[in-house]
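What the coordinates show
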2 protein chains.
Amino acid sequence: MKVTISDVARLAGVSTATVSHTINNTRYVSNETKEKVYRAIAELGYTPDASARSFRTGKKKTIGFIVPDISNKFFATMIESVENYLSAHGYHLIIANTKENMEREENNIRLLTAGLVDGLLVASTMDDFQRFDELIPAGFPVVLVDRTFEIKKYSSICVSNFQPIYRSVCRLAGKGDRRVGIIGGLPRLSSTKERISAYQQAVADCGLAQDESLIRYGDSMENSAQTCLDELLAQDCDAIVVCQGLMASETIVYLSKKGIQPAKDIDLVGFVDYDSDFYQLYSNQMDRIIQPVEELGKAAGEQILKRVEEPDAPIFEKMLTSTYKPHDIPSSWVHSDR
Amino acid sequence: MKVTISDVARLAGVSTATVSHTINNTRYVSNETKEKVYRAIAELGYTPDASARSFRTGKKKTIGFIVPDISNKFFATMIESVENYLSAHGYHLIIANTKENMEREENNIRLLTAGLVDGLLVASTMDDFQRFDELIPAGFPVVLVDRTFEIKKYSSICVSNFQPIYRSVCRLAGKGDRRVGIIGGLPRLSSTKERISAYQQAVADCGLAQDESLIRYGDSMENSAQTCLDELLAQDCDAIVVCQGLMASETIVYLSKKGIQPAKDIDLVGFVDYDSDFYQLYSNQMDRIIQPVEELGKAAGEQILKRVEEPDAPIFEKMLTSTYKPHDIPSSWVHSDR
DNA sequence: CGTCAAAACGTTTGCGCAAACGTTTTTGTT
DNA sequence: AACAAAAACGTTTGCGCAAACGTTTTGACG
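This part is about the protein's contact with DNA strand C. In the vicinity of DNA strand C, 29 residues are found, and the nearest of them are Ser15, Ala17, Ser30 and Thr33 of chain A together with Ile5 of chain B. Where the surface near DNA strand C is concerned, the elements lending two or more residues are helix H2 (16–24), helix H3 (31–44) and helix H4 (50–57) of chain A together with helix H2 (16–24) and helix H4 (50–57) of chain B. The residue inventory of the surface near DNA strand C, partitioned by class, reads 11 nonpolar, 11 polar and seven charged.

As structure tokens, this is what we get:
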């Protein structure tokens, strides 16, 4: 039924070692012999069994990626970018979704590290480093993505969160806004913490209204922005900063429904997934902080493969910078034909 | 270094068979013995090696999913839904992206079927059944998703394409539209073919303008709708049907930029990825045909697992129906406070 | 033509586990 | 007490491959 390496060896009239070495280029094999082997392989339709191979070598040629939310454009695009890099280097990608749930993350880490993958990319939903750390077998190659921990034990690839928020809040202040609200992501995440503290510092530095009730948190899933918005609108904001892409689009939809016109009645800043046509829908309604998702994914792929090959390389931390794009001025406000 | 089953057996004072049977519940083991085994496992921190296991059993507990475009919301959501189903049943998901490229699909199928996965979910970008069929090892569990072939050799889970397009074109005719344009996906895909032929039949049945130049094809990637639109607008259309979500949103953006107001200056129908808040942005600008992505993903998961367990079950074909939602009438057009 | 190194291949083992095949112990029955 | 059946566990093998360890062949050179 199944064609094995010894079937090939028999037909080619050589030993299994020669077949193996021919396939893997692991020692000199004469051209005639090589050809005999390849002919036998073709004739039998032999394919080396991946399970046996990874069992034997200990290498699975597979990387796991633990993601908080696949349907989130940010992560979907990142998965694409990671997959692209990995497949170009002969690796496969196993996806695990946590839906921002710690137990699911725990399970997934346990399952994937038990001999299923060579390395793990994690955008963790945890805030407890201890708990996370205990899940990872000693020396297992891990790279944190988008979110990190205070304790720098693992390599990480993140995006600058502080600077763009700080800058955009200052710009709002410069425009004359006094009461600036913010909708953050899950409060426990490092990315959220950094964004909120950038906001707080900018608020303090620019002399804006400091008010706890101007800070709200959503969970970046569908329908989470609405409640936050209701609460913020009750606070009589001049501007709102939304820290995540989906919540930003929901904000625009919701405000429009309420008859509030973004960029006119209220200023908007959105921390947006990435630069696609898609978000250009909003290009004249809000300032956008655009994350370099593709580079993020590529860097993550690079780093995890490097770590797999050299597991005790020094810790590596990379921070990519986002682009800040103030909103276009709608054509109806100025006269110009370009 | 690595803890194996015999380390556990030694510490527990039993045989490896007993440890194995205890772990896998494959034969009776007395409670005392079970406890001894579990204690030893806990003490040593033993985890069964997944590679060895799948090598031994031939089961990888992994399904491959070959996707044309991960960052496409439709597929991203489907991946999420599939992963959800699979992980609940103890399976992992390997993702491969083809970017609608046949060579990439070929490579991926070859790699994944070579002992990496137990079954394969494919949203194929191919139109040549022969070529596809040759890639699949005899008897390998495959379920086609979203796209199928004329020859019904493999099970498939698709979405009804004909009916909703036919219906929506008829409705446009009923409104008085005469020249209805359409933007399809890649012409070689079964889904595109079905949608276009539904359009053609409706056009014929309703006595609408029949004109080859009213039919355009995009590739469902970013920036592909624009060219099609330019060409259609030159044809003086009363309405445009857009067969894919991303292209539909791009259409709205592009028309708005040109100062053409959807649902007022031109009628729009969008074959949209799924029903999210997100597409409600467009709810008052176009009729939406909403695909049941989540059910699609779940059904795909169900079917592939069923096939993995029973590889020569009869071919199964499922067609899920989309929802048709005419656009809301904008509040500014009617007077009502609800 | 004997020697020896390099060229070219072969033999064998073991990775960790599941399960086929066996063995011993216990229990119930007459 | 004898015996069968069931309960409870043990011994061993082999999955397919890579590679450590060997062996044979070739031919160059004194």
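Let's pick the thread back up.
With that settled, the discussion passes to the interface of chain A and chain B. Across the boundary between the two partners, chain A contributes 37 residues, which contact 37 residues of chain B. Listing elements by their share of the side of chain A that touches chain B, those giving two or more residues are H4, helix H5 (73–88), strand E2 (92–97), helix H11 (245–257) and helix H12 (277–280) of chain A. Per-class residue counts for the side of chain A that touches chain B are 16 nonpolar, 14 polar and seven charged.

Tracing the backbone through its elements, the reader meets Ala52 of chain A in helix H4. Counting along the chain gives 23 residues from Ala52 of chain A to Val29 of chain A, while the straight-line C-alpha distance between them is 23 Å.

On to the protein's contact with DNA strand D. Inspection of the region around DNA strand D gives 28 residues, with Ile5 of chain A together with Ser15, Ala17, Ser30 and Thr33 of chain B positioned closest. The residue makeup of the surface near DNA strand D, split by class, is 11 nonpolar, 11 polar and six charged.

Attention now goes to the relation of the copies chain A and chain B. Of the two same-sequence chains, chain A is brought onto chain B (RMSD 0.1 Å, axial shift 0.0 Å) by a rotation of 180°. On this basis, the relationship between the two copies can be described by a two-fold rotation axis. For chain A, the residue whose C-alpha comes nearest the rotation axis is Ile94 of chain A, separated from it by 2.2 Å.

All names here are of chain B. The terminal C-alpha atoms of helix H9 (residues 190–206) lie 24 Å apart, and with 17 residues this matches the ideal 24 Å at 1.5 Å per residue to within 8%. Those residues of H9 not exposed but buried are Ser191, Thr192, Glu194, Arg195, Ile196, Ala198, Tyr199, Ala202 and Val203. Looking at the buried side of H9, the elements it contacts are helix H8 (162–175), strand E6 (180–184), strand E7 (215–217), strand E8 (239–242) and strand E9 (267–272). Immediately downstream of H9, the backbone of Gly207 shows phi near 70°, a positive value.

Summing up the model confidence of chain A, the mean pLDDT is 91 and the portion of residues at 70 or higher is 95%. Contacts for the low-pLDDT stretch residues 331–338 of chain A, under 50 throughout, to residues beyond four places or in other chains number one contact.

The rules we used
- Residues numbered from 1 in each chain as written.
- Chains lettered and ligands numbered in written order.
- Predicted model: local features only at pLDDT ≥ 70, side-chain atom pairs only at ≥ 80, totals over all residues.
- Near = placed C-beta within 6 Å.
- Helix = DSSP H or I, 4+ residues; strand = E, 2+ residues; numbered from the N terminus.
- Nonpolar A, V, L, I, M, F, W, Y, C, P; charged D, E, K, R; others polar.
- Contact = placed C-beta atoms within 7 Å.
- Least-squares fit on C-alpha atoms with pLDDT ≥ 70 in both.
- Expected span 1.5 Å × (residues − 1).
- Buried ≥ 20, exposed ≤ 12 C-beta atoms within 10 Å, placed from the backbone.
- pLDDT = per-residue confidence, 0-100.

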